[in-house]
Amino acid sequence: MSLFEIELNNDFKILNSDVFFNEKNFKKYYKLNKLNDGYDDNIQEFITKYQLQIHQDMFVSYGYRYEVHEINNIFLSNIYELNVTSSEHTLYPEWLLFLISIKKDKVQFISEKEFDKYLEYFKYIAEIRYKKYIKRNLKNYICFEEYKNLSDIKISLQNSLLEYLKQTEYETNELYEYLNFLYTFHQKLKDNEKYKLMWNLEPYIEEVIILLRDKNIPLKEIYEEVYKYMRGTYSVLHEIYIYKPLYIEESKPYFQTYLTKINQLFNSNINVEEFIVILTRNERNQDILFFNLELIERFNANKMSEHIMGAMIKSIVLGVEEIIKDYKEEKKLLKCLESLADDENLLNTYIIKQYVDYHSSDELLELLDKLISEKNQSVEQYLAIYHASRNYLAHYNIDMHKFFWGEDGERRIISNTIDAVIIILYKMEVIKNEPRKNNTTNTKI
C-alpha cells in the first residue's frame with residue numbers, strides 16, 4: 001500500500017458538529033467539502049426537499065436554554081416526528097452533503113435511487129449523532145443552576161438514548177446491508193478523490209458499528225462480515241478504523257518471517273497462528289506489534305517521513321522497556337534483561353556498557369553493528385542488541401541513515417532491533433505460561 005503523511009485543516013469535518021445546520025452553516029460545509037465547483041451556486045433545488053422544519057421548544061437548539069426534562073423527552077422521541085408541523089426554523093442535515101455529491105455527479109456508480117433506498121438509515125444515524133452531540137455539549141443547553149448536576153444529567157440522558165435505541169432498533173441483517181453500502185460509498189468517494197467527503201462519511205460507519213456492537217456482536221465478527229465475499233487478506237473496515245487484534249492476526253506473512261528464528265532460539269516447533277496467539281496474550285503487546293507493522297508499511301511507502309518513523313521505533317523500543325520492567329517489577333532495565341537470559345554470564349559478555357565501551361552515538365552504533373554481526377545467535381545476543389538500541393534511542397538523536405539503513409543499506413540495526421523486541425515479548429509470554437518449577441530445584445530461568 002502506498003502511504004504518505006499529510007496535515008489538513010479540520011474545518012471541513014462534521015465529526016463534532018451539531019449535525020443539523022442552518023442555511024449559512026450548511027453552505028459553509030458545502031464549500032469546505034469542495035461541492036461548489038469553485039463558485040457560489042444556488043443549491044436550493046438540492047436541499048429544499050430534505051430541509052427540516054423545527055420549533056426550538058421541540059428541538060434542542062444553540063442559543064436557547066432548556067429544562068432537563070425537556071431535553072430528556074427529546075432523547076426519548078423521534079425528533080423528525082416532533083417537528084413535522086413547525087416552521088419556526090429551517091435546518092439541513094449533514095448527510096445532505098453526501099446526497100448532493102451524487103446529484104452533482106461527483107461520485108460514479110452510486111445512484112440517487114440507491115441513496116434513497118438507505119435514506120431512513122441516514123436519518124436515523126443523524127438523529128443518534130445529534131443526541132450524542134447534545135449530551136457532549138450539554139452545558140450549552142441547560143440552565144446555569146443545573147451545572148452542578150451535569151454528570152448525573154448526562155448519565156440520565158444516556159439511559160434515555162439507550163431506551164430509544166432499543167425501541168427503534170433495526171435487524172442485524174439490515175444494519176449489515178447499510179454498512180456494506182456505506183463502505184461502497186466510501187470507496188467511490190475515494191476513487192473520485194473526494195477525500196473530505198469520504199472522511200466525513202466515516203462517523204456514519206462508526207455509528208453503525210456501534211449499533212451492531214450493542215447487539216453483543218463481537219467486533220471481530222463485524223469486521224469479518226462486512227464485504228466478506230470481496231475482501232482480501234485484511235478486513236475492509238481496517239481502512240477506516242483499524243481493529244488491532246484482528247489486524248495483527250491477519251498480518252500472518254509479516255510474523256512468518258520471525259518464526260524460523262523463534263523456533264531455532266527456543267527449540268520449539270510452533271506455527272504462525274500459535275505464534276501470534278502467544279504474542280497477543282498480553283493486550284499491552286498489541287500496540288507494540290501494531291506499531292511494528294506500521295513501521296514496515298512505511299518502509300514500503302512511496303513517500304517516507306523519517307521523523308514519524310523515528311518516533312515509531314522509539315515508541316516501540318521504549319514501550320517494550322515499560323512492559324519488561326512491569327513484568328519483572330524491577331526499575332533497572334539491565335537487571336530485567338538478566339532475568340530473561342538463560343545464561344547471565346553470556347549476556348554480560350555481549351552487553352555494551354554505557355560510558356565504558358563507547359563515548360558517542362557513532363561509537364555505540366559501530367559496536368551495535370559489530371554485535372549484530374556475531375554469527376552465534378542466542379537469546380542473550382538479542383537481549384544485548386535490544387539494550388544497546390534502547391540506550392541509543394533514549395539518549396541520542398537518531399541518525400536515520402545509520403540506524404535505519406546502515407552504511408551498506410542492509411538495514412541490519414533496525415531489523416535486528418525489531419527482532420529483539422519480538423523475541424523479548426515472546427520470551428516473557430513463554431515464561432509466564434510455563435509450568436511452575438519444583439521449589440526444591442535450583443534451576444534458573
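Structure's up top.
Given the structure is predicted, the values throughout are model-derived calculations rather than measurements. (Residues numbered from 1 in each chain as written. Predicted model: local features only at pLDDT ≥ 70, side-chain atom pairs only at ≥ 80, totals over all residues. Heavy atoms only, no water.)

Novice: Honestly, the overall build of the chain in this entry has me stumped. Any pointers?
Specialist: When its secondary structure is counted, the chain shows 22 helices and three strands. What you see for the chain is a C-alpha radius of gyration of 28 Å, clearly larger than the 22 Å of a compact globule of 445 residues, by over 25%. In terms of overall dimensions, the chain has C-alpha extents of about 85 × 50 × 45 Å along its principal axes. Per-residue burial over the chain gives 48% buried out of 445 residues. Intrachain contacts of the chain at a sequence separation of at least 6 include 73% that bridge at least 24 residues. Taken as a whole, the chain presents about 23200 Å² of accessible surface, with 46% of it coming from carbon and sulfur. Averaging the coordinates of the 57 positive side-chain charges in the chain and doing the same for the 71 negative ones gives two points 1 Å apart. (Helix = DSSP H or I, 4+ residues; strand = E, 2+ residues; numbered from the N terminus. Rg over C-alpha atoms; globule rule 2.2 N^0.38 Å. Buried < 20%, exposed > 50% of the residue type's maximum accessible area, 1.4 Å probe, protein only. Contact = heavy atoms within 4.5 Å. Areas by Shrake-Rupley, 256 points an atom, 1.4 Å probe, with all protein chains shown as cover. Lys, Arg positive; Asp, Glu negative; His and termini not counted. Charge placed at Lys NZ, Arg CZ, Asp CG, Glu CD.)

Novice: Looking at this structure, I do not really get the packing of helix 17 (residues 333–340) against helix 20 (residues 379–395). What am I missing?
Specialist: How two helices pack is summed up by the angle between their axes together with the distance between the axes. At their nearest, the axes of helix 17 and helix 20 sit 10 Å apart, and the two run at 165° to each other. Taken together, helix 17 and helix 20 sit at an angle that is classed as roughly antiparallel. Helix-helix and strand crossings are classified by hand; for helix 17 and helix 20 the assignment is right-handed. Within the contact between the two elements, helix 17 uses Leu333, Leu334, Leu337 and Leu340 and helix 20 uses Val379, Leu383, Tyr386, His387 and Arg390. Residue composition of the contact of helix 17 with helix 20, by class: seven nonpolar, one polar and one charged. (Axes fitted to C-alpha atoms, helices over the stretch in contact; angles between N-to-C directions. Parallel < 35°, antiparallel > 145°, perpendicular 65-115°, else oblique. Left-handed = near helix turned anticlockwise from the far one by under 90°. Nonpolar A, V, L, I, M, F, W, Y, C, P; charged D, E, K, R; others polar.)

Novice: Any chance you could explain the side chain of Asn83 here in plain terms?
Specialist: Mapped onto the fold, Asn83 is located in the loop between helix 4 (79–82) and strand 3 (89–93). Here the side chain of Asn83 touches His55 through a polar contact of 2.9 Å, landing on its backbone nitrogen. Once residues within four sequence positions are removed from consideration, Asn83 is found in contact with Gln53, Ile54, His55, Met58 and Phe59. (Polar contact = N/O pair within 3.5 Å; in protein donor to acceptor, adjacent residues only side chain to side chain.)

Novice: Got a minute to help me understand the sheet that holds strand 2 (residues 52–54) in this structure?
Specialist: In a beta sheet, neighbouring strands pair by backbone hydrogen bonds and run either parallel or antiparallel. A sheet is described by the order of its strands in space; here three strands give the open sequence 1-3-2, paired in antiparallel fashion. Lying at the two open borders of the sheet, with one neighbouring strand each, are strand 1 (20–21) and strand 2. Note that strand 1 and strand 3 share two bridges and pair antiparallel. Its bridge partner lying in strand 3, Phe21 is registered against Tyr92. (Pairing = 2+ DSSP bridges.)

Novice: Quick question: what am I supposed to make of the pattern of salt bridges here?
Specialist: Tallying each qualifying case throughout the model produces 23 salt bridges. Glu273 is the partner of Lys252 in a salt bridge, and the nearest nitrogen-oxygen pair spans 3.2 Å. Taken as a pair, Lys252 in helix 13 (residues 252–265) and Glu273 in helix 14 (residues 272–279) lie far apart in primary sequence, 21 residues in all. On the basis of relative accessible area, Lys252 is assigned to the partly exposed category, the value being 33%. (Salt bridge = Lys/Arg side-chain N within 4 Å of Asp/Glu carboxyl O.)

Novice: Looking at this structure, I do not really get the pairing of strand 3. What am I missing?
Specialist: Consecutive side chains of a regular strand alternate in pointing toward one face of the sheet and then the other. With three bridges joining them, strand 2 and strand 3 adopt antiparallel strand pairing. Paired with Gln53 across the two strands is Thr90, which belongs to strand 3.

Novice: Explanation requested: the environment of Lys432 in the structure shown.
Specialist: Structurally, Lys432 can be placed in helix 22 (residues 412–432). Along the sequence, Lys432 and Ala301 sit 131 residues apart, while their C-alpha atoms lie 37 Å from each other. If we skip the residues at most four places from it in the chain, Lys432 touches Asn282 and Tyr327. At 2.9 Å, the side chain of Lys432 and the side chain of Glu429 are in polar contact.

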